[in-house]
Amino acid sequence: MLIKVPGIEVGPFHYSVISDAESDRELGDRQLYGDCSHMLRRIRVASDTSREQFTCTFLHEAIEAINNVWCNDKMEHALITNVAYGLAQMCRGLGIEFYADQSPHYL
Ligand SMILES: [Zn+2]
């Protein structure tokens, strides 16, 4: 099941999910698959990866947003990474993948 993620709701906030060529360039320059800006309420996910990587990165950045809004940033980053891996594995087992509408391509 492919699930499109135009944005997500986290507490009272809407986080946009951006995955486009410009994000790919900026993330690539910083050697990142994704990032999450709480100030801009924006998640960016590199699109020049596999769908599997997209799903894992999206989950990671979504947890970053949840950690900020719901957990007062109490989750350490390594924990966020490991929870995201666990959720990505669970989604893979259930046949769930995420994608962004505007992604130019997946490898
Ligand atoms: Zn992170």
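In this report, the structure presented in the accompanying data block is examined. Everything numeric in this text was worked out from a predicted model, so none of it was measured.

This part covers the overall build of the protein chain. Counting secondary structure elements, the protein chain contains 3 helices and 6 strands. Scanning the protein chain from its N terminus toward the C terminus, one meets helices and strands in the order β-β-β-α-β-β-α-α-β. For the protein chain, the spread of C-alpha atoms along the three principal axes comes to 35 × 30 × 25 Å. Of all 107 residues assigned to the protein chain, the portion counted as buried reaches 32%.

Once that is clear, we can look at the nonpolar core. By size, the foremost hydrophobic cluster in this structure holds 21 residues, and its most contacted members are V17, I43, V45, F58 and L59. Contributing elements (two or more residues each) for this core: β3 (13-18), β5 (42-45), α2 (51-71) and α3 (77-94). The greatest single-element share of this core, amounting to 7 residues, is contributed by α2. Setting aside residues no more than four positions away along its own chain, V45 makes contact with V17, S19, G34, F54, T57, F58, E61 and A100.

Right, let's get into the sheet that holds strand β4 (residues 34-37). Backbone hydrogen bonds are what pair the strands of a sheet, in a parallel or an antiparallel way. Across the sheet, 4 strands lie side by side as β2-β3-β5-β4; this open sheet has mixed pairing. Of all the strands in the sheet, just β2 (7-10) and β4 have a single pairing partner and so form its edges. Across the sheet, the mean angle from the axis of one strand to that of its neighbour is 20°, orientation sign disregarded. Here β4 runs beside β5; their pairing, made up of 4 bridges, is antiparallel. Within β5, the residue paired with G34 across the bridge is V45.

Quick notes on the rules
Residues numbered from 1 in each chain as written. Predicted model: local features only at pLDDT ≥ 70, side-chain atom pairs only at ≥ 80, totals over all residues. Helix = DSSP H or I, 4+ residues; strand = E, 2+ residues; numbered from the N terminus. Buried ≥ 20, exposed ≤ 12 C-beta atoms within 10 Å, placed from the backbone. Core = buried A, V, L, I, M, F, W, Y, C linked by C-beta atoms within 7 Å. Contact = placed C-beta atoms within 7 Å. Pairing = 2+ DSSP bridges. Axes fitted to C-alpha atoms, helices over the stretch in contact; angles between N-to-C directions.

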